[in-house]
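Geometric and topological summary
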Amino acid sequence: MKVRPLGARLLIKPIQEEKRTEGGIVLPDTAKEKPMKAEVVAVGNLEDSDVDIVVGDKVIFSKYSGTEIKIEDDDYIIIDVEDILAKIED
Amino acid sequence: MKVRPLGARLLIKPIQEEKRTEGGIVLPDTAKEKPMKAEVVAVGNLEDSDVDIVVGDKVIFSKYSGTEIKIEDDDYIIIDVEDILAKIED
Amino acid sequence: MKVRPLGARLLIKPIQEEKRTEGGIVLPDTAKEKPMKAEVVAVGNLEDSDVDIVVGDKVIFSKYSGTEIKIEDDDYIIIDVEDILAKIED
Amino acid sequence: MKVRPLGARLLIKPIQEEKRTEGGIVLPDTAKEKPMKAEVVAVGNLEDSDVDIVVGDKVIFSKYSGTEIKIEDDDYIIIDVEDILAKIED
Amino acid sequence: MKVRPLGARLLIKPIQEEKRTEGGIVLPDTAKEKPMKAEVVAVGNLEDSDVDIVVGDKVIFSKYSGTEIKIEDDDYIIIDVEDILAKIED
Amino acid sequence: MKVRPLGARLLIKPIQEEKRTEGGIVLPDTAKEKPMKAEVVAVGNLEDSDVDIVVGDKVIFSKYSGTEIKIEDDDYIIIDVEDILAKIED
Amino acid sequence: MKVRPLGARLLIKPIQEEKRTEGGIVLPDTAKEKPMKAEVVAVGNLEDSDVDIVVGDKVIFSKYSGTEIKIEDDDYIIIDVEDILAKIED
C-alpha cells in the first residue's frame, strides 16, 4: 500500500528517540515525551509553498498537529507543510 | 436513489477494516477505531481544486469531518475535498 | 403567505421519512433521527453561487444548519445554499 | 424621536403573533416563542447590499440577532441587513 | 484634559435616562438598564467610514462594546464607529 | 538596555494615578483600577498605520492588551498600535 | 545537529536571568518567571517580513508563543517572527 498526500501535505514517520535515565535505564514508551522529529516519506503538492522539503529530509514538526495513520502496523502522520517547523541537518 | 454532491464535495463510502486480535478473534464494530479509509463514490465540482480525484479512488480522510448519511441502509459520508488527506495506491 | 428568501438562501421543506422497525412498527417522531432530506420550495439569489438548484429539487442538507420557521403550521427551513450538501436524483 | 440606522442596518418592529391553544385560549407573552417576523420601519445604507428592502416590508429575521431597543415604550430591533432571511409577500 | 480618539473611533458620553416607575418613583442607578444612548463628544478619523457623524450627534450604540474611561470623574466610552447602530433625530 | 519595538508596536510606560478616597487617604496599589494611561517611550514601524504617535505622547490604551515587561525594575508594556485608543492632550 | 527554521520562523535560545531576592538569595528555576528574552540562533526566510533580525540579536518574545524543543540537552524555541516583540540594544 502506497499513500500519496494530497495538496500541501506531507507523509512523515515520527522518529522515536531512545531515552535513558541517568542510570542507563531505557524508558518505556509511556514515559517518553511525544516525539517531534520525523523523516519525510512522501510529499504532496508544495508548488504554492516556498519551502524546499524532499523525501528523506529529517524535520521537526509542531506537536499535536497532523493526523496519525497506521500503514502496515507502522505509525505515520499526514501533516500540512506549514506545520513543519524546521529541517534538521546533521 | 442517486446522490450528487454539490460544490467541492465528494460522496465517499468508508471502508471498515476487519480487525482480528492476535488470537484471531474478529472484533465487533464497537471495539474498532473509526475508519479513515474510504472509496470515492461520486464527485462534485472540483474545478477550483488542484486535486485529482476520480470515482473509484481509495482515499484517507480526516477523522470526524464530513456529514454521515444513509443511502439504502449503507453508510456514506459527504465530505469537502480539502478533508481528503491522501490517496491510497496499491 | 409567500416567503421569498433573500440573498444566497433557499426555503426548503424537510422530508420526514417513515421509519419502521423490523417488526413493521412505525416509530413516532421522537424516536426518529433529525431529517436531512428536503424539497426546495423557493430560491433566493444564487447568481454568485456556482450551484444549480431549482424549485422542486430534492436535496440533502447539513444537519443543524439553517433557521426553522413555521408557515401555516408546516415546518420549513431557510438555509444558506452552501449548507446544501447534495442533490438527490431518483 | 426618530431613529435612523447607520450602515447596512435596518430598524424593524417585531410582529407578535396571537397564539391560541386548540381550546381557543390566548397564551400570554411568556408562553409564546420569540417572534421572528417584523415590519421594516427605517432603512440605513443598503447601497452595498444586493437586497431590495423598503420601509413597510414584512420580513423574517434571524432569531437572537440584532439589538433590541425601546422607543417610546415600544420594542424595536436594529439589525444587520444580512440577518434578514426572507421577505413575506401576502 | 482633552481626549482625541485615534483611528475610526469616537468618544461618546452615555446619556443616563431617568426612569420612573408607574407610581412616579425615580429608580436608583442599579435598578436601571445599561444605557445605550450617548452624545458624541469627539471624533477620530472617519475618512474610511461611510457614516456621517459629527460632535453633538445623539447616537444609539451597541451595548457592552467600547472601552469605558473616566475623565475628570465623568464616564465616557471610546468606541469603534461600527458599533454605533443609529443616530437619533428629535 | 534599550528596547526597540518591532513592527507596528509601541513601548509604553503606564501612568499610575494617585487615587485618594474622599477622606484624603491614598489607596495602595491593590485597591486601584488597572491603569489605562501611558506615555509613549519608543515607537516601532508605524508606516502602514495612519495614526500619528510620537515619543512623549500620552495615550489611553485598551486594558489587558499588550505584553508587560520589566526594564531595570520598571514596568512597561509592548503594545500594538491598534490597541492605542486615544491621545491625551492637556 | 543543526536546526534550520522553515518559513518566517526563528530559532531562539531563551536567556534565563539570574534573580536574587533582596537578601541576595538566588532563586531556583521554579520560582522564576518564564523568561521572555532570547538570543537569535538561526533565521528562516524573512523576505516577506519587514523586520530586520539577524543571528546574534537579543530579542523580547511573546510569552507562551512558539514551540519548545531540546537540542543536545539545551532548550530552544522555534517561533514565528511576528511573535518577536522587540529587539534589545545594550
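The model shown is predicted, which means the values in this text are computed figures rather than measured ones.

The helix and strand tally for chain A stands at 0 helices and 7 strands. The N-to-C order of helical and strand elements in chain A reads β-β-β-β-β-β-β. Within chain A, the fraction of its 90 residues that count as buried is 41%. Look at the contacts in chain A between residues 6 or more apart in sequence, and 58% of them connect residues 24 or more apart. Total accessible area on chain A is roughly 5,300 Å²; 45% of this is exposed by carbon and sulfur atoms.

A few words now on the interface of chain B and chain A. Taken together, the contact between chain B and chain A spans 15 residues of the former and 13 residues of the latter. When chain B packs against chain A, the two sides together hide about 1,300 Å² of surface, and 56% of this comes from carbon and sulfur. Three residues, L85, K87 and E89 of chain B, lead the burial of chain B against chain A; their summed loss comes to 41% of the area buried on that side. Between chain B and chain A we count 1 salt bridge in total. The partner of R4 of chain A in a salt bridge is E89 of chain B, and the shortest N-O contact between them spans 2.9 Å. Taken together, the connections running from chain B to chain A amount to 7 residue pairs in polar contact (both at pLDDT 80 or more). In terms of residues, the side of chain B that touches chain A owes the most to one element, strand 7 (residues 84–89) of chain B, which gives 6 residues.

Once that is clear, we can look at the confidence of the model for chain A. Overall, the prediction assigns chain A a mean pLDDT of 86, with 80% of residues at 70 or greater. Confidence estimates for the predicted assembly give a pTM of 0.83 and an ipTM of 0.82.

On to the environment of I78 of chain A, then. In this fold, I78 of chain A is placed in strand 6 (residues 74–80). Note: C-alpha distance between I78 of chain A and D50 of chain A (28 residues apart in sequence) is 19 Å.

Another aspect to go through is the environment of S62 of chain A. Residues and elements named next belong to chain A. Secondary-structure assignment places S62 in the loop between strand 4 (58–61) and strand 5 (67–71). Expressed as a C-alpha distance, the spacing of S62 and L85, which sit 23 residues apart in the sequence, is 6.4 Å. Excluding residues that lie within four positions of it along the chain, S62 makes contacts with D83 and L85.

Turning next to the packing of aromatic side chains. By the definition in use, this model includes 0 aromatic pairs over all chains. Positioned above the aromatic ring of Y76 of chain F, the side-chain terminus of K13 of chain F is 5.4 Å from the ring centre.

What follows concerns the interface of chain E and chain D. Counting from both sides, the interface comprises 14 residues of chain E and, opposite them, 13 residues of chain D. Buried surface at the junction of chain E and chain D, summed over both partners, amounts to about 1,300 Å²; 56% is from carbon and sulfur atoms. The largest contributions to the chain E side of the interface with chain D come from L85, K87 and E89 of chain E, which together make up 41% of the buried area. Taken together, the connections running from chain E to chain D amount to 1 salt bridge. Between chain E and chain D we count 7 residue pairs in polar contact (both at pLDDT 80 or more) in total.

Read from one edge of the open sheet, 7 strands run 1(C)-7(D)-4(D)-3(D)-2(D)-6(D)-5(D), paired in antiparallel fashion. Looking along the sheet, the strands with just one partner apiece sit at the ends: strand 1 (2–5) of chain C together with strand 5 (67–71) of chain D. Recorded for the sheet is a direction-independent mean angle of 40° between the axes of neighbouring strands. In this structure, strand 4 (residues 58–61) of chain D lies alongside strand 7 (residues 84–89) of chain D, joined through 4 bridges in antiparallel fashion. Pairing of F61 of chain D across the sheet is with I84 of chain D, part of strand 7 of chain D.

A positive phi angle is found at Y64 of chain A, which is not glycine, with a value near 70°. Take Y64 of chain A: it is sitting in the loop between strand 4 and strand 5. You can call Y64 of chain A exposed: its relative accessible area is 65%. We note that D73 of chain G has phi near 75°; this positive angle belongs to a residue other than glycine.

Moving on, we come to the pattern of salt bridges. Following the criterion strictly, the structure yields 35 salt bridges over all chains and no others. The shortest N-O distance in the salt bridge between K87 of chain F and D52 of chain F comes to 3.6 Å. You can see K87 of chain F sitting in strand 7 (residues 84–89) and its partner D52 of chain F sitting in the loop between strand 3 (37–43) and strand 4 (58–61), a full 35 residues away along the chain. According to the relative accessible area criterion, K87 of chain F is buried, its value standing at 9%. Shared partners join several salt bridges into a network, and the residues in it are D52, D57 and K87 of chain A.

Rules used in this analysis
- Residues numbered from 1 in each chain as written.
- Chains lettered and ligands numbered in written order.
- Predicted model: local features only at pLDDT ≥ 70, side-chain atom pairs only at ≥ 80, totals over all residues.
- Heavy atoms only, no water.
- Helix = DSSP H or I, 4+ residues; strand = E, 2+ residues; numbered from the N terminus.
- Buried < 20%, exposed > 50% of the residue type's maximum accessible area, 1.4 Å probe, protein only.
- Contact = heavy atoms within 4.5 Å.
- Areas by Shrake-Rupley, 256 points an atom, 1.4 Å probe, with all protein chains shown as cover.
- Buried area = accessible area lost by both parts, 1.4 Å probe.
- Salt bridge = Lys/Arg side-chain N within 4 Å of Asp/Glu carboxyl O.
- Polar contact = N/O pair within 3.5 Å; in protein donor to acceptor, adjacent residues only side chain to side chain.
- pLDDT = per-residue confidence, 0-100.
- Phe/Tyr/Trp six-rings, centres within 6.5 Å; stacked < 30°, edge-to-face > 60°.
- Lys NZ or Arg CZ within 6 Å of the ring centre and 35° of its normal.
- Pairing = 2+ DSSP bridges.
- Axes fitted to C-alpha atoms, helices over the stretch in contact; angles between N-to-C directions.

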